[in-house]
Amino acid sequence: NPLSAHEVLRPSIHPARDMPTATNRQTKFWDNIAPRYAKSPIADEAAYNRKLEVTRQYLAPDMEVLEFGCGTGSTALLHAPFVKRILATDFSPIMIEIAEEKRKVADVRNITFAQATLDDVNATAGSFDAVLGLSILHLLEDPKSAMARVHQLLKSGGVFVSSTACIADMRIPLWLVLPVARIFNLVPFVNIFTEKQLIDNLTASGFEIEHHWKPGKGKAVFVVARKIR
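Presented here is an overview of the structure given in this document. (Residues numbered from 1 in each chain as written. Predicted model: local features only at pLDDT ≥ 70, side-chain atom pairs only at ≥ 80, totals over all residues. Heavy atoms only, no water.)

**Describing helix α4 (residues 45-56)**
A rise of 1.5 Å per residue sets the reference length of α4, with its 12 residues, at 16 Å; its end C-alpha atoms lie 17 Å apart and thus fit the reference within 8%. Of all the residues in α4, the buried ones are Ala 47, Tyr 48, Lys 51, Leu 52, Val 54 and Thr 55. When α4 is viewed along its axis, its buried side chains cluster within an angular range of 170° and face the same direction. Facing away from the buried surface of α4 by more than 90 degrees, the exposed residues are Ala 46 and Glu 53. Buried residues belonging to α4 abut α5 (74-79), β4 (128-134), β5 (154-164), β6 (207-213) and β7 (221-227). (Helix = DSSP H or I, 4+ residues; strand = E, 2+ residues; numbered from the N terminus. Expected span 1.5 Å × (residues − 1). Buried < 20%, exposed > 50% of the residue type's maximum accessible area, 1.4 Å probe, protein only. Arc of directions from axis to C-beta. Contact = heavy atoms within 4.5 Å.)

Below you can see the structure in the form of structure tokens.
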């Protein structure tokens, strides 16, 4: 059976209450779009399916997996048959409500969905065989800190699977438009960095890159990185 929320969140943390104003604003943005997001078709289904296939090459039936920034839970549900258990978190309560409803409908019993940030996860170092961070690192104010936390939570030799939009490499100067759009809450916070910076930061955080793929120009960078130290 899935773990209860109190078993996977730090007891002293109350995500909705304790989040700073900027994070509350982000939560509101994702809460508002969650129903529409859940119904949206996959933008590049071929690339998505390839990412699923590659990820499954690193999964095994005895694995404990964490996914942070899980959204409405579609990817976690697809990977559930291939692992022992998944803890999937997102700081948007509406995203988690939708994910939990999907889990119940599909009668999947080895996933726990919980509203939480990566830092809220109540797990000791080396608790997970794999961590998934899909379409999330570029939405964090401090992706380096997230990489360090992932490294801490992974077992030695564990893998971190990520898919990340490297905005600074895109031809369209989105970094000029995004700040204005954010004022009107039209877009979430987006961190701007290059693909090289992403890979360099993963390496500096103690990971070795095992798989590095970009479907095309302007597409997210898909990486499987292994904890080596």
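Next comes the rest of the account.
**Observations regarding the pairing of β4**
Across the seven residues of β4, seven count as buried, placing the element largely inside the fold. After leaving β4, the chain enters helix α7 (residues 143-153) and then returns to the sheet as β5, a path that is right-handed. (Right-handed = clockwise from strand over helix to strand, strands pointing away.)

**Here we look at the pattern of salt bridges**
Summed over all chains, the structure comprises nine salt bridges. Of the charged contacts in the structure, one is a salt bridge between Lys 219 and Asp 44, with a shortest N-O distance of 3.5 Å. Here the residue Lys 219 occupies a position in the loop between β6 and β7, and Asp 44 occupies one in the loop between α3 (21-39) and α4, the gap between them amounting to 175 residues. By relative accessible area, Lys 219 is classed as partly exposed at 36%. The class for Asp 44 is partly exposed, based on a relative accessible area of 26%. For Glu 210, the salt bridge is made with Arg 226, and the minimal N-O distance between the two is 2.6 Å. (Salt bridge = Lys/Arg side-chain N within 4 Å of Asp/Glu carboxyl O.)

**Remarks on the sheet that holds strand β1 (residues 64-68)**
The mixed open sheet is built from seven strands, whose spatial order is β3-β2-β1-β4-β5-β7-β6. Each of the sheet's edge strands pairs with one partner strand only, and the pair in question is β3 (111-115) and β6. Between one strand and the next, the sheet's axes are offset by a mean angle of 15°, whatever the strand orientation. Lying over the sheet, helix α9 (residues 195-204) contacts β5, β6 and β7, oriented at roughly 150° with respect to β6. (Pairing = 2+ DSSP bridges. Axes fitted to C-alpha atoms, helices over the stretch in contact; angles between N-to-C directions.)

**Considerations on the side chain of Asp 90**
Topologically, Asp 90 is positioned in strand β2 (residues 85-90). Despite being buried, Asp 90 has no salt bridge partner; Lys 102 is the closest side chain of opposite charge, sitting 11 Å away. Here the side chain of Asp 90 touches Ser 92 through a polar contact of 2.9 Å, landing on its backbone nitrogen. Residues contacting Asp 90, with those up to four places away along its chain left out, are Gly 69, Cys 70, Gly 71, Met 95, Ile 96, Ala 114, Gln 115 and Ala 116. (Lys, Arg positive; Asp, Glu negative; His and termini not counted. Polar contact = N/O pair within 3.5 Å; in protein donor to acceptor, adjacent residues only side chain to side chain.)

**Topic: α7**
The periodicity of an α-helix, 3.6 residues per turn, causes residues three or four positions apart to be oriented the same way. The complete set of buried residues in α7 reads Pro 143, Ala 146, Met 147, Arg 149, Val 150, His 151 and Leu 153. Contacts made by the buried residues of α7 are with β1, β4, β5, α9, β6 and β7.

**Digging into the side chain of His 138**
Inspection of the secondary structure assignment puts His 138 in the loop between β4 and α7. Within polar-contact distance, the side chain of His 138 engages the backbone nitrogen of Ala 165 at 3.2 Å. Contact partners of His 138, with chain neighbours within four places excluded, come to Ser 163, Thr 164, Ala 165, Phe 189, Val 190, Asn 191 and Phe 193.

All quantities given are derived from atomic positions and should not be read as evidence of function.
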